Amino acid sequence: MEEKPDFEQLRRMMVDYQIRSRGIRNEKVLSAFLRVPREEFVPEELKLSAYDDCPLPIGFGQTISQPYMVAIMTELAEPESGNKVLEIGTGSGYQTAILCEIGCEVFSIERIAELAKNAEIKLKKLKYNPRIFIGDGTCGLKDYAPYQTIIVTAGAPDIPESLIEQLEENGKIIIPVGDIFSQTLIRGIKRKEKLIRENHGGCQFVPLRGKEGWKQSGSS
Ligand code: SAM
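Notes on the structure in this doc start here.

Cut-offs applied
Residues numbered from 1 in each chain as written. Predicted model: local features only at pLDDT ≥ 70, side-chain atom pairs only at ≥ 80, totals over all residues. Heavy atoms only, no water. Phe/Tyr/Trp six-rings, centres within 6.5 Å; stacked < 30°, edge-to-face > 60°. Helix = DSSP H or I, 4+ residues; strand = E, 2+ residues; numbered from the N terminus. Buried < 20%, exposed > 50% of the residue type's maximum accessible area, 1.4 Å probe, protein only. Lys NZ or Arg CZ within 6 Å of the ring centre and 35° of its normal. Near = heavy atom within 4 Å. Polar contact = N/O pair within 3.5 Å; in protein donor to acceptor, adjacent residues only side chain to side chain. Areas by Shrake-Rupley, 256 points an atom, 1.4 Å probe, with all protein chains shown as cover.

## Quick look at the packing of aromatic side chains
Here the distance between the centres and the angle between the planes together describe a pair of aromatic rings. Tallying each qualifying case throughout the model produces 6 aromatic pairs. On the numbers, 6.0 Å between centres and 80° between planes, the contact of F33 with Y94 is edge-to-face. Of this pair, F33 sits in helix α2 (residues 27–35) while Y94 sits in helix α4 (residues 94–102), and the two are 61 residues apart along the sequence. Each member of the pair, F33 together with Y94, is buried. The interplanar angle of 35° and the centroid separation of 4.9 Å between the aromatic rings of F107 and Y144 together place this pair among those described as tilted. Within this pair, whereas F107 is found in strand β4 (residues 105–110), its partner Y144 is found in the loop between β5 (131–134) and β6 (147–152), the two being separated by 37 residues in sequence. Here a set of aromatic residues connected by ring pairs shows up, and it is made of F107, F133, Y144 and Y147. We note R22 situated over the ring of Y68; from NZ or CZ to the ring centre the distance is 5.1 Å.

## A few points about the site of the ligand
S92, E110, D136, G137 and R209 are the nearest of the 28 residues found near the ligand. T153 has a polar side-chain atom sitting 3.2 Å from a nitrogen atom of the ligand. At 2.4 Å from a nitrogen atom of the ligand is found a main-chain nitrogen or oxygen belonging to R209. In the complex, the protein chains occlude 99% of the 600 Å² of accessible area that the ligand would expose alone. Contributing elements (two or more residues each) for the shell around the ligand: β2 (62–64), β3 (84–88), α4 and β4. The greatest single-element share of the shell around the ligand, amounting to 3 residues, is contributed by β2.

In structure tokens, the structure reads:
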């Protein structure tokens, strides 16, 4: 009989050797990573690779981000229980689950309907209750604004103006900005209607498509 992988042990190893060892110190973030079952957010045939130190395909030319990248974006957000967070790019729903586990009120938008629906089903099964929307997240979600945090999990040519407008005073936006192939992870903090930008290193994300993102359509 085939032995079942010990996902809890793989999760602890991911947290120690991929996340904590690279400098992530926020205990709320680390304990959320220990509790969310990443194997539930990858395709069945990739479950054994769920805790590998890399992004994985989730279909439709999209990916679930590398665990460390989800961790650094979450740590930069400095999330607190009760924070109102807008996520652009639900994808597999894994980043959404991490934010819910911390106790944030999460609004998440995904442009590919099938991904949004699959993520919603998984998140519900795991007893998380984010609000998932299908559409172009580059324009944000005005009806529920302002947000304390906006996390964009796809690479943008620049920071969409609509998202800056929907941030509250002292609110933070975490977003990869650059060209289609490589980006810089930016944290912007809104102070007196201006956005103070910090640079947090290089990264590679699938493109943010839409009105205030990359215009051309394609597989990714
Ligand atoms: N947060 C995801 C996770 O944990 O699996 C990672 C998502 S993947 C790297 C980026 C996602 O952004 C893709 O699912 C893609 O379809 C989505 N996306 C790209 N442009 C978008 C847009 N304008 N609005 C909403 N979602 C978008």
